[in-house]
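Results of the structural survey
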Amino acid sequence: MTQRVLSWAIALLFLAGVSVVLIIFLLQGEGPPEYSTSKGKQGKALGELTAAAGVAVDAGGNVYVLDSGNNRVQKFDDKMVLVAHWGKTGSDSGDFLSPLRLCVDPQGTIWVSDTKNHRIQSFNAQSKFLSELGSLGHDPGQFSHPTGICFDYSGNMWVADTGNHRIQKFGANGKAVLAIIPDDGKSGNSVGQFDSPWGVCTDPAGNLYVADTNNHRIQRFSKEGVFLSTFGIQGKKNGEFLQPTDVHIDREQNLYVVDSGNQRIQKFTPQGKFICGWGSPGTAARQFLNPQQIAEGPNGAIYIADTGNHRIQIYNPRKPGMFEKMEPWSAPARPRAPGSSSTPLSGPGERSASPASTPAVSGTPDEGKDSTPSPSPTETPKATPTPGLL
């Protein structure tokens, strides 16, 4: 009798163990990705970074890092070996002044938000300058501290015109302005209005997601620019934000938000239902100091510009759960990010959009070259941000 009871107990324990393993297997796609490695340390030498604010990946797995504090782009292969670099401080073609974002379009062209020069520049994969778009102003096609850039599946370019509190949509190669959201460009917190938006991304249907940074929320619009939905409030709980700076839709149609002020990444459904999150302030793996831009490689690996730590963190793609639908990956490689330096940027009527409570980056090579629009004397930002990269 005792032996039979013992046999049943062992069998039940075995079944319980199998059940736990099976549940983990079935649901593994719901958790955060697995940390792989980091690349970079603070410095001016090639391969070193200062306030790395942007990251993007092309279809071949090459990684482009926006080394904002050094006003240059560094290109690494899929093994993170440096293969090219370009850029220097200035305002001539190919020069940069506190650039904050970069993006690779479906044709492999690299687009850079040259933020303090109030323009977008494009380059080919061999670092040759191709074109520039924009100048300081409020007219269509002009910018005030542009940051996030993305391309939709029709080849249109969306730009977060941060200092003008609006999003501009351009046709292929930036040839024409197709839409402006909102059309009056007034800062506000009503639906469809923005307060210093930093990040943009699109999904396969063409819907636009905007990190409405100083309103601490994410807004979603149709491809025609019609408001659809919003989620998020200021706070530290799951689903709450403190100055989010970037958004990204992955190949499984999950929405990632760089919750920069809370030093973490949050993952949602496209409708804004919280799935998981990771990150805390610090310098260890899976910790962040002022994270800014997030990108995805062709194999599903996640790259995060950990700006205050002067590095790029890389995460292995998670295998989707058994019941999760795996969508084919064909989206343009993405980018996003602000950063941190010590001197506020002065400019006419500019609000600060640097994440709040984020440590400033010290030791930037170009003293006084920061990247966050500072408030005008008559304006007070909603949050009290630490001076950052805008």
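Relevant structure appears above.
Predicted, not measured: the structure shown is a model, and the values here were computed from it.

**As for the overall build of the protein**
Tallying secondary structure elements over the protein gives one helix and 24 strands in all. The burial tally for the protein puts 58% of its 390 residues in the buried class. Nonlocal contacts in the protein, meaning residues at least 24 apart in sequence, comprise 55% of its contacts between residues at least 6 apart. Working note: accessible area of the protein is about 15400 Å², and carbon and sulfur atoms make up 56% of it.

**A few points about the state of the cysteines**
Counted under the stated rule, the structure contains zero disulfides. The thiol sulfur of C103 is not disulfide-bonded, and the nearest other cysteine sulfur, from C150, lies at 6.7 Å. Classification of C103 as buried rests on a relative accessible area of 1%.

**Quick word on the nonpolar core**
Membership of the largest hydrophobic core comes to 14 residues, with the highest contact counts inside it found for V55, V63, V65, Y303 and I312. At the level of secondary structure, the elements contributing two or more residues to this core comprise β2 (52-57), β3 (63-67), β23 (302-306) and β24 (311-316). Ranked by residues supplied to this core, first place goes to β2 with three residues.

Procedures and definitions
Residues numbered from 1 in each chain as written. Predicted model: local features only at pLDDT ≥ 70, side-chain atom pairs only at ≥ 80, totals over all residues. Heavy atoms only, no water. Helix = DSSP H or I, 4+ residues; strand = E, 2+ residues; numbered from the N terminus. Buried < 20%, exposed > 50% of the residue type's maximum accessible area, 1.4 Å probe, protein only. Contact = heavy atoms within 4.5 Å. Areas by Shrake-Rupley, 256 points an atom, 1.4 Å probe, with all protein chains shown as cover. Disulfide = S-S within 2.5 Å. Core = buried A, V, L, I, M, F, W, Y, C linked by side-chain atoms within 4.5 Å.

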